[in-house]
Amino acid sequence: KQWYQRRVRGRRGDREYSSGQFPEKRNYHPDVKIAYTDSIGRELNSKEAFRQLSHKFHGKGSGKMKTEKRMKKAVEEMSLKKMESDDTPLGSAALFREKQKDANSAYIVLSGGNRIPTDVNNNISTLSKR
């Protein structure tokens, strides 16, 4: 009888503890987000996380081709993160902005071969004045 009463008291005590002692925690609902990362530090989606967990549990890994494919994908993602969203892969937009800043102008002359010589420019301006 005694062990049964202790057991029942323990259950009742748990109920009282959960509802009565901390009323301020009655409406407490924590916002939990579980994020899995790989060895590189990249965040994994649910499919990749399950695959990693499964490989670890079974003690096996992916084949050579799948591993290379995954690494290639990770490298591409890293290069896209490094690149600015409005720039080209060669970084030419950043170079153009820098050139504009150095020249202190609102435009950039992209090619110098098609420019009109200054003497022709002067002749055109004198003709337009007449």
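Whatever comes next refers back to the structure up there.
Residues numbered from 1 in each chain as written. Predicted model: local features only at pLDDT ≥ 70, side-chain atom pairs only at ≥ 80, totals over all residues. Heavy atoms only, no water.

**Student:** Just checking my understanding: could you explain the pattern of salt bridges for this structure?
**Tutor:** A side chain of one charge can pair with a side chain of the opposite charge if their charged atoms are brought near each other. With the rule as written, the count across this model stands at five salt bridges. With its nearest N and O atoms 3.5 Å apart, the salt bridge here joins Lys-33 to Glu-43. Within this pair, whereas Lys-33 is found in the loop between α1 (2-20) and β1 (36-37), its partner Glu-43 is found in strand β2 (residues 43-44), the two being separated by ten residues in sequence. Residue classification places Glu-43 among the partly exposed residues on the basis of a relative accessible area of 49%. As a salt-bridge pair, Glu-77 and Arg-42 come within 3.4 Å of each other at their nearest N and O atoms. Of this pair, Glu-77 sits in helix α3 (residues 64-82) while Arg-42 sits in the loop between β1 and β2, and the two are 35 residues apart along the sequence. Judged by its relative accessible area of 11%, Arg-42 falls in the buried class. (Salt bridge = Lys/Arg side-chain N within 4 Å of Asp/Glu carboxyl O. Helix = DSSP H or I, 4+ residues; strand = E, 2+ residues; numbered from the N terminus. Buried < 20%, exposed > 50% of the residue type's maximum accessible area, 1.4 Å probe, protein only.)

**Student:** Can you help me understand unusual backbone geometry in this one?
**Tutor:** Among all residues save glycine, negative phi is the norm, and among peptide bonds the norm is trans. If you check the backbone angles, Asn-104 has positive phi at about 55° while not being a glycine. Looking at the secondary structure, you find Asn-104 in the loop between α4 (92-103) and α5 (118-129). Using a relative accessible area of 72% as the deciding quantity, one classes Asn-104 as exposed.

**Student:** What's the story with a nonpolar patch on the surface in this structure? I'm lost.
**Tutor:** A cluster of nonpolar side chains, Val-32, Ile-34 and Tyr-36, forms an exposed patch at the surface whose accessible area comes to about 350 Å². When you line up the elements, Ile-34 lands in the loop between α1 and β1. Judged by relative accessible area, Ile-34 falls into the exposed class, the value being 62%. (Patch = residues over 30% accessible without salt bridge, like charges linked within 9 Å, V, L, I, M, F, W, Y side chains within 5 Å. Areas by Shrake-Rupley, 256 points an atom, 1.4 Å probe, with all protein chains shown as cover.)

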